[in-house]
Each structure stands twice: as C-alpha cells, then as structure tokens.
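# An overview of the molecular structure
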Amino acid sequence: MTTGAVVAAGPLDAYRASAARRTAIIVAALALVVVTFTADMVTGPAMLTIRQVASAIFAPVAGASDATTHVIIWTLRLPMATMALLVGAALGSAGAEVQTILDNPIADPYTLGLSASAGFGAATAILFGQLLPMDPAYSATGAAFCCSLLAALVILAVSRRQPSIETMVLTGIALLFLAQALLSLLEYLASPEALQTIVFWLFGSLTRATWAKAGMVTVALAVILPALARDAWRLTALRLGEERARSLGVNVAALRIRVFTAIALLTAVAVSFVGTIGFVGLVAPHVARMLVGEDQRYFLPMSAICGALFLSAASVLSKLVLPGALFPIGIVTSLIGVPCFFALILRTRRGYW
Amino acid sequence: MRLSIAHLSVEFHGVPALDDVSLDVAPRCLTALIGPNGAGKSTLLRCIYGLVPYRGQILLGEAATRSPAAGGRSGQVAYLPQDLQVRSRLSALDVVLLGKLGSLAWHVRDADVERAYAVMEDVGVAALARHPITELSVGQRQLVFVAQALIRNPSLLLFDEPTSALDLRHQLELLTLIRRLVEQREATALVALHDLNVASRFADHAVLLSRGRVHAVGAPVEVLTCPTIEEVYGVEAEVHRRPEGDVLITAIRALPGR
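Treat the numbers as computed from the prediction; the structure is a model and nothing was measured.

Analysis parameters
- Residues numbered from 1 in each chain as written.
- Chains lettered and ligands numbered in written order.
- Predicted model: local features only at pLDDT ≥ 70, side-chain atom pairs only at ≥ 80, totals over all residues.
- Helix = DSSP H or I, 4+ residues; strand = E, 2+ residues; numbered from the N terminus.
- Rg over C-alpha atoms; globule rule 2.2 N^0.38 Å.
- Buried ≥ 20, exposed ≤ 12 C-beta atoms within 10 Å, placed from the backbone.
- Contact = placed C-beta atoms within 7 Å.
- Expected span 1.5 Å × (residues − 1).
- Nonpolar A, V, L, I, M, F, W, Y, C, P; charged D, E, K, R; others polar.
- Pairing = 2+ DSSP bridges.
- pLDDT = per-residue confidence, 0-100.
- Axes fitted to C-alpha atoms, helices over the stretch in contact; angles between N-to-C directions.
- Parallel < 35°, antiparallel > 145°, perpendicular 65-115°, else oblique.
- Left-handed = near helix turned anticlockwise from the far one by under 90°.
- Core = buried A, V, L, I, M, F, W, Y, C linked by C-beta atoms within 7 Å.

Next up on the list: the overall build of chain A. A tally of helices and strands in chain A yields 14 helices and zero strands. When its helices and strands are written in sequence order, chain A yields α-α-α-α-α-α-α-α-α-α-α-α-α-α. Relative to its length of 353 residues, chain A is compact, with a C-alpha radius of gyration of 22 Å against a globular reference of 20 Å. Taken over the C-alpha atoms alone, chain A extends approximately 75 × 50 × 35 Å along its principal axes. Relative to its full complement of 353 residues, chain A shows a buried share of 49%. A separation threshold of at least 6 residues defines the contact pool for chain A, and within that pool the share at least 24 residues apart is 76%.

Below you can see the structure in the form of structure tokens.
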C-alpha cells in the first residue's frame, strides 16, 4: 500500500530517542525531588543551617553534633520530610491508576469515598477512643485505616460481578455521601475540644509522621508499585477503551479489581497516617501525563515522583507561610494546587486527556 | 485455521441476538459476513473471540473457545472491534505495539518496533507512527487498528467492518491486503462488511445473516440475488453480474412497509 512519506532517520532511532527523552524527564524530576527534600530538611522553626543539618545526619552519634539539633533532625524533620515523599508517591500513583481504571480525568484516590470513610473512622476513634485502653493517636490511625479498607471492600463486593466504571463510581460516591453524613453527625455530637481534634485530623498533617509509619508506607509502596508495574502494558491498553483492551486479550474485569485493591491499600495507608491531604492524587497524574504521556512504564513512576515532589514542596511552603509555625499541609496543597490546576487546564485546552 | 460453529445462540436480556447459528468457515479463504444492521454480525465475531457468553459450540482449530485467552494469548486470532472512538493520546506506533501485548517486555525489543513499522508500512500508515492516535482522522485511526491486529501475524482474522471509515482507495487497498494474507500466509479471514459490492468482489464466500439467523451461505454471486436482497434488506435493487465474476448492486428504493 502507499506510504504517505518516507520515515526520517530510521524508525528505531526515533523510538529510542523518545524513550530516552522520557527517561531523562523522570531523572530530572527525581533530581528536583532531592532539591525539595533538602529544602524540607533545612526549613523549620528551629532555623538550622545546612551545615548543622548535614552534620546531624551524617554524624549520627549524638555527641558529634549538639543534642537538640540531633533530636530535631532525627525525630522531627527526617521522618516528616520522608513521609512527605512517601505519602506523595502513594497518592500520586494511586491517583494515576484510579484515573486509568475509571477512564476519568477528574477521579482521584478520594473520589470513591475511601478518605471520607477514613475521616469517619478517625472521628469515631477520637470521640469514643477513651473507652479503649489505647493511645488515642494509634486508635485514630487504626480506625481510619480499617474504615477506609471497609469502604473499599464494600465497593469490591458490590462491583465484584460486574466491575464496570458506573458500578464502581456510583458505589464509591454513595459511600462518600454516607461517610460525610456520619462524620457530620459525629461533629454535631462532639464536645468543642473533640471537635477541634477531629477538624485538625481532617486537615491532614505530616506532624504525625514517625519512623514506624514511614516504614509501613515504604513497605506498602515496595509491594504495590511493582505489582502495578506488572500490569503496565495491560493498563496502557486499557486507555484504548474496554472493548479494544479485550480485543488485545486483557481481562478487563480482573484487571480493574486487582488495580482497585492496590489503590485502596495505598490510599488507606496514606490517609490514615497523615489525614486527608487533597489534590495531590488529582494533579500529580495530570502533570505526569503531560510530561511523559500515557505509556504506563513511564506514567506510573512519573505520577509517583510528581506526587512526592508536590507534597514535599507543599511541606516546605507550609513552614514558610507563617514563620515559626506550621500551617496545615492539607490546606496548602489545595490552596496552591487549585491555581496550578487552572493554569494546567487553560494551557492544555487542546486536551491531552 | 479451522473455525466451526454449531447451534450458537446468544440472548441479550431475553432478546435473541443470535439464534441457532451453525457455520463452517472455510480455512485459507476470505469469508464476508453480511447482513443488515442488527443482524448479529458483530455479536457473532465477539462470540468467536470469546467476549460474549453463548450456548452452543465454537471450535477454533482443535479447541473449543470460551474466553479471549483461548485464542488471543496464543496470538493466532486477531479480533478487530468496530468502535473507533479513542480518548487516548498514545502514539500510533504505541497503539500498534500494543497488538503484541502478551509478549511485550518492559523494555520493548528492537525487533518489535521494527515489526510494528513494517506492518504500518503494509497498511499505509507508517508516516503517522509518531502522531497521537486522537489527532488522526477516523479512517487513519481505523488503519492503525488494522495494523495493531496484524502485528502478531494472526492466522484467523475476525474483522468487524474494517472499511467503514475508509475512502474508496483505502477500502480497495485494505481488502487487497487481507486477500494477500489469505493467499500468501494462509490466513483465514471472517470479515463483516456493509458494502455488498466490495464483498462480492473480494470474498470467496459470503454468509448472510438476518435477525440472528444464517439466511444464506455460498459464493457471493449466489447469495447476492435480487430476491434475497429484497427479502433481507427490504430494498429493491438491481444486480448486474459482471464478466469478472463479481456482481454490481445498485439499491433503487426502500420497500414500503418494512
């Protein structure tokens, strides 16, 4: 048959060049993550210099640097900065795959009610936690995690037979409203002190970060991201639509269930440890898609990196807004995220989705 | 590849879409699947590929099919769906590469890229390789999907109206390409077509479906007669037999009361 034009410079070279370009973008984004992480380490109410921070990190014996600096770095800043990266990566990758399996550009990990359920769980624990012989911080985290997974199980149970986009979205949104209504009820019944605790929990904050929590998010990411990567080609194929993915031999129903389970775990871990930090899971995949396209071999890691970058930068800003104080990071991500998102929409009106 | 269908029935919410269809598709031939809208052409193709639950039996090669994995994973069967809407901005080359989904490694092998280009060259869309699929015209998109279906070198082609969006020249070129695959690579093709003239010119056999049943099977010139067209399509038509062996059909008017 006719060929419109001769393909220039060897098709293989062109393909390799485009792969190399996308890899370079990912490496550059990783470098930016190092920058924001460093900035995150040197900003804070204690006004430490880079030299003090570095010596506390690289000379881990407390005697080598002064003890206060050592405590600030190792029990406050490092866990928080690490948690920002880990939670950002979890939300970014979860958002990427929610948008993929629901074929919906405005979906994010919170769309399906997972975070609202977590919020309800945390509020329950805050109100009734004193009845349990447990540290209230742990009971809130535990209850949030359990409620979030419970919501995911309800969605899985309802959509098990026919995991269509409609079933999953409608079940998720119904759960979202239910959880919000229950949460409002608890807030209505709560004492002013308890209400304040609940509201602060819902804001989302990295100050709850500990090494143990960071370890758990690391484990979740280490297990789930490779599992998602195994489905990379199938998820890319799903972008062509359900029928076409099926024509390529993809079991769409099983894929959707599998990936949703992974998303639910990532979201539950992230939300229960740091609260509902909005917008990261929505924006990170969009930025990633703009930069490296829809091929999941690049899109998935790039979404995770964008999420980490975004939350890490938000963490820095949350310390700079009110010098000497810590602004709730969940508010920062939305306040900065919304204008960025508008800019993104206006710039790409030709439609990259 | 042998394809044999016996007593195949499919219902959608109690409404029969296929009703006791029995059919032997001749190997190494191009069989045209024709019939009016809603006759069951697409459903039949989707059944054969294992996408629709059915009653009856479908034998593909030596094995009975139940799921796309049965034929799809082996790479021997290519099913080309009709839907041409896409919202993805994957490049045309990536779309074609996805045709090898089952055997793609994380790092795409050079051989796979070269194969994708070769197929796109065959189909006539190599120049579009780096364009996002959404930016192509519907006809170009259709050809990219044809290339995707052909990249695995399938021995059974199940194509659902592959020419629906193509201009005259590309219609002829695509059907010539399918004929070449049938004759040179011994592929078996079952192709749903709306254009009866094209069907009669390129197909070895025609299967005429009407309301979920097989109305007629045979050489296109035998199937495409005035009374049959009148009965199945509700259209008064003129049928000219040409010396080349095919027929030329001109629809005159829709018959009232149908």
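Looking now at helix H3 (residues 67–101) of chain A. The end-to-end C-alpha separation of H3 of chain A is 50 Å, in line with the 51 Å expected for 35 residues at 1.5 Å each. Across the 35 residues of H3 of chain A, 27 count as buried, placing the element largely inside the fold.

Turning next to the interface of chain A and chain B. Between chain A and chain B, the residue contacts involve 30 residues of the former and 37 residues of the latter. Elements supplying a minimum of two residues to the side of chain A that touches chain B: helix H1 (11–42), helix H9 (232–238) and helix H10 (242–247) of chain A. Here the side of chain A that touches chain B is composed, by residue class, of 14 nonpolar, eight polar and eight charged.

What follows deals with the pairing of strand S4 (residues 55–60) of chain B. Residues and elements named next belong to chain B. As paired strands, strand S1 (residues 3–12) and S4 are joined by five bridges and run antiparallel to one another. Within the sheet, the bridge partner assigned to Ser4 lies in S4 and is Leu59. In terms of strand pairing, S4 meets strand S5 (residues 63–64) through two bridges, oriented antiparallel. For Leu59, the partnering residue across the bridge sits in S5 and is Ala64. Linking S4 back to S5 in an antiparallel pair, the connection comprises two residues, with Gly61 at a positive phi of about 60°.

This next bit is on the pairing of strand S10 (residues 213–218) of chain B. Residues and elements named next belong to chain B. As defined by bridge partners, strand S9 (residues 205–210) adjoins S10 across five bridges and the pair is classed as antiparallel. In the strand pairing of S10, Leu209 is matched with Val214. Where S9 folds back onto S10 in an antiparallel hairpin, the turn is made up of two residues, including Arg211, whose phi is positive at roughly 50°.

Its identity is not glycine, yet Phe279 of chain A carries a phi of approximately 80°, on the positive side. Topologically, Phe279 of chain A is positioned in the loop between helix H11 (252–274) and helix H12 (280–292). Here His7 of chain B, not a glycine, exhibits a phi torsion of approximately 50°, which is positive. In this fold, His7 of chain B is placed in strand S1.

A few words now on the confidence of the model for chain A. All names here are of chain A. On average, chain A scores 88 in pLDDT, and the residues at 70 or more come to 94%. Here helix H14 (residues 329–347) is the element of chain A with the lowest mean pLDDT, 80, and H9 is the one with the highest, 96. Below a pLDDT of 50 lies the segment residues 1–8, which in the model reaches 15 contacts outside its immediate sequence neighbourhood of four places, other chains included.

Orientation of H1 of chain A relative to helix H4 (residues 110–123) of chain B, taken along the N-to-C sense of each, is 120°, at an axis distance of 9 Å. When the axes of H1 of chain A and H4 of chain B are compared, the pair comes out oblique. For the element pair H1 of chain A and H4 of chain B, the recorded crossing hand is right-handed. From H1 of chain A, Pro11, Leu12 and Tyr15 of chain A reach across to H4 of chain B, where they touch Asp110, Val113, Glu114 and Tyr117 of chain B. Class assignment of the residues belonging to the contact of H1 of chain A with H4 of chain B gives a composition of five nonpolar, no polar and two charged.

In terms of nonpolar packing, the biggest core is built from 189 residues, with Val87 and Ala90 of chain A together with Val96, Ala147, Leu158 and Val191 of chain B touching the most fellow members. With 16 residues, the single largest contributor to this core is H3 of chain A. Among residues more than four places away in sequence, those in contact with Val96 of chain B are Ala116, Val119, Met120, Val144, Ala147, Gln148 and Ile151 of chain B.

Let us look at the sheet that holds S5 of chain B. Sheet strands pair by backbone hydrogen bonding; their relative direction is either parallel or antiparallel. Ordered in space as S2-S1-S4-S5 (chain B), the four strands form an open sheet in which the pairing is antiparallel. Every interior strand has two partners, whereas the edge strands, strand S2 (15–25) and S5 of chain B, have only one.

For the rest of this paragraph, the subject is the confidence of the model for chain B. On average, residues of chain B score 90 in pLDDT, and 96% of them reach the 70 mark or higher. Quick note on the complex model: pTM equals 0.90, ipTM equals 0.90.

This part is about helix H4 (residues 114–128) of chain A. The end-to-end C-alpha distance of H4 of chain A is 21 Å, a good match for the 21 Å that 15 residues give at a rise of 1.5 Å each. Across the 15 residues that make up H4 of chain A, a large majority, 13, are buried.

Let us look at the sheet that holds S10 of chain B. Residue and element names in this part refer to chain B. Spatially, six strands are ordered S6-S7-S8-S3-S9-S10 in an open sheet, and the strand pairing comes out mixed. Unpaired on one side and paired on the other, strand S6 (77–80) and S10 mark the two borders of the sheet. For this sheet, the mean angle separating the axes of adjacent strands, direction not counted, is 15°. Pairing of S6 with strand S7 (residues 156–160), which is carried by four bridges, proceeds in the parallel orientation. Considered in S7, the bridge of Ala78 is made with Leu157.

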